[in-house]
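If you want the building blocks of each chain, they are given just below.
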Amino acid sequence: MNFLEEKKVKYVCAGTCKAEVSQEEHDAGAHVCQTKDCTHYGQHFKKVEISGDVEIEEGPKKSI
C-alpha cells in the first residue's frame, strides 16, 4: 500500500443527473449543474476527494 499516494479531487452533482467534473474542469469554470432536467440544476457541485479507492465527500463541518 502506498501511503504517499496523491489525493485526487472531483466535483459531483448531488441531484438526479449525478454529473461529475474534474478539478481541471472546475478550475475552468464548471461550478454548477447545467442539466436542465436535474433536481439540482443551477446548484454548485460538491467536492469529493479520492484517496486510493476511498471517496471522502466534503460537507458542512459539525460542531459538538
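Residues numbered from 1 in each chain as written. Predicted model: local features only at pLDDT ≥ 70, side-chain atom pairs only at ≥ 80, totals over all residues. Heavy atoms only, no water.

Trainee: I'm lost on the overall build of the protein chain in this one. Help?
Mentor: Each helix and strand counted, the protein chain has one helix and four strands in total. Listing every helix and strand of the protein chain by position from the N terminus yields β-β-α-β-β. Taking all 64 residues of the protein chain together, 19% fall into the buried category. Long-range pairs, those at least 24 residues apart, make up 41% of the contacts in the protein chain between residues at least 6 apart in sequence. Of the roughly 5,300 Å² of accessible surface on the protein chain, 52% is carried by carbon and sulfur atoms. (Helix = DSSP H or I, 4+ residues; strand = E, 2+ residues; numbered from the N terminus. Buried < 20%, exposed > 50% of the residue type's maximum accessible area, 1.4 Å probe, protein only. Contact = heavy atoms within 4.5 Å. Areas by Shrake-Rupley, 256 points an atom, 1.4 Å probe, with all protein chains shown as cover.)

Trainee: What is the right way to look at the pattern of salt bridges in this model?
Mentor: Close approach of charged atoms allows side chains with opposite charge to pair. The full count for this structure, using the stated rule, is one salt bridge. One salt bridge in this structure joins Lys10 and Glu20, with 3.3 Å as the shortest N-O distance. Of the two residues, Lys10 sits in strand β1 (residues 8-12) while Glu20 sits in strand β2 (residues 20-22), which places them ten residues apart along the sequence. Overall, the relative accessible area of 12% leaves Lys10 in the buried class. (Salt bridge = Lys/Arg side-chain N within 4 Å of Asp/Glu carboxyl O.)

Trainee: How do you make sense of the nonpolar core when you look at a structure like this?
Mentor: Soluble globular proteins: nonpolar side chains tend toward being buried together. By size, the foremost hydrophobic cluster in this structure holds six residues: Tyr11, Cys13, Val21, Cys33, Cys38 and Phe45. For Cys13, the residues in contact, after removing those within four places along its chain, are Lys18, Ala19, Cys33, Cys38, His40 and Phe45. (Core = buried A, V, L, I, M, F, W, Y, C linked by side-chain atoms within 4.5 Å.)

Trainee: Looking at this structure, how should I read the environment of Gln23?
Mentor: Looking at the element boundaries, Gln23 is found in helix α1 (residues 23-27). By relative accessible area, Gln23 is classed as partly exposed at 23%. One polar contact links Gln23 to Asp27, side chain to side chain, over a distance of 2.8 Å. (Polar contact = N/O pair within 3.5 Å; in protein donor to acceptor, adjacent residues only side chain to side chain.)

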